[in-house]
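Residues per chain, in single letters:
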Amino acid sequence: MQIPIKVISTDAFAIQTDVLVLKYAQGLYGLDKKAVGHMSPLYPGLETRLPKTGDFALFEKPGPFGARQILFVGVERLPLFRYQNVREFARRALAYLAQA
């Protein structure tokens, strides 16, 4: 099975896609922070449902996004989330989605 992957430089919330994958580094920063801000009215207590390191949280119909689902992948705290961790983050996200 092949999974098409595209790298697009645009507003991540506007892209029409099945899943938008975001990291959750045990705190909110950047795009994940904006996503949670938009999603909070639809998901009361959302911040308590975000994943611990190594876990996942998948949300259906997440609000005003082009994506039909948003997957948060729990990663190390931001100071520990280095460039080399990005490959593992992507691998884990794709493996989770293949099972889901």
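In case you missed it, the structure is sitting above this.
What counts as what
Residues numbered from 1 in each chain as written. Predicted model: local features only at pLDDT ≥ 70, side-chain atom pairs only at ≥ 80, totals over all residues. Heavy atoms only, no water. Buried < 20%, exposed > 50% of the residue type's maximum accessible area, 1.4 Å probe, protein only. Helix = DSSP H or I, 4+ residues; strand = E, 2+ residues; numbered from the N terminus. Pairing = 2+ DSSP bridges. Salt bridge = Lys/Arg side-chain N within 4 Å of Asp/Glu carboxyl O. Core = buried A, V, L, I, M, F, W, Y, C linked by side-chain atoms within 4.5 Å. Contact = heavy atoms within 4.5 Å.

Let's talk about the pairing of strand β3 (residues 67-74)
Counting buried positions over the eight residues of β3 gives seven, a clear majority of the element. Of the strand pairs in this sheet, strand β1 (residues 17-24) and β3 are connected by seven bridges, and their pairing is parallel. Residue pairing for β3: Lys-23 is matched across the bridge by Val-73. Taken together, the five bridges between strand β2 (residues 56-60) and β3 define a ladder with antiparallel strand orientation. Bridge pairing links Leu-58 to Leu-71 in β3. In textbook terms, the turn of a hairpin is the stretch between consecutive antiparallel strands, and for β2 and β3 this stretch comprises six residues, one of which, Lys-61, has a positive phi near 40 degrees.

So, the pattern of salt bridges
Throughout the structure, instances matching the rule amount to three salt bridges. Here Arg-68 ties to Asp-18 by a salt bridge, and the two come within 1.7 Å at their closest N and O atoms. Separated by 50 residues along the polypeptide, Arg-68 in strand β3 and Asp-18 in strand β1 bring together distant segments of the chain. Here Arg-68 falls in the exposed class, since its relative accessible area comes to 53%. A salt bridge links Lys-23 to Asp-32; the nearest nitrogen and oxygen atoms lie 3.1 Å apart. Note on Lys-23: relative accessible area 18%, which makes it buried. The class of Asp-32 is buried, set by a relative accessible area of 2%.

Points about the nonpolar core
Within the largest apolar cluster, 17 residues are counted, with the highest numbers of intra-cluster contacts made by Leu-20, Ala-35, Met-39, Leu-46, Phe-59, Ile-70 and Phe-72. Looking at this core, the elements that each hand over two or more residues are β1, α1 (30-39), β2 and β3. Look past the residues within four positions of Phe-59 in its chain and what remains in contact with it is Met-39, Tyr-43, Leu-46, Arg-49, Arg-68, Gln-69, Ile-70 and Phe-72. In this structure, Val-19, Val-75, Phe-81 and Phe-89 belong to the second largest nonpolar core, which totals eight residues.

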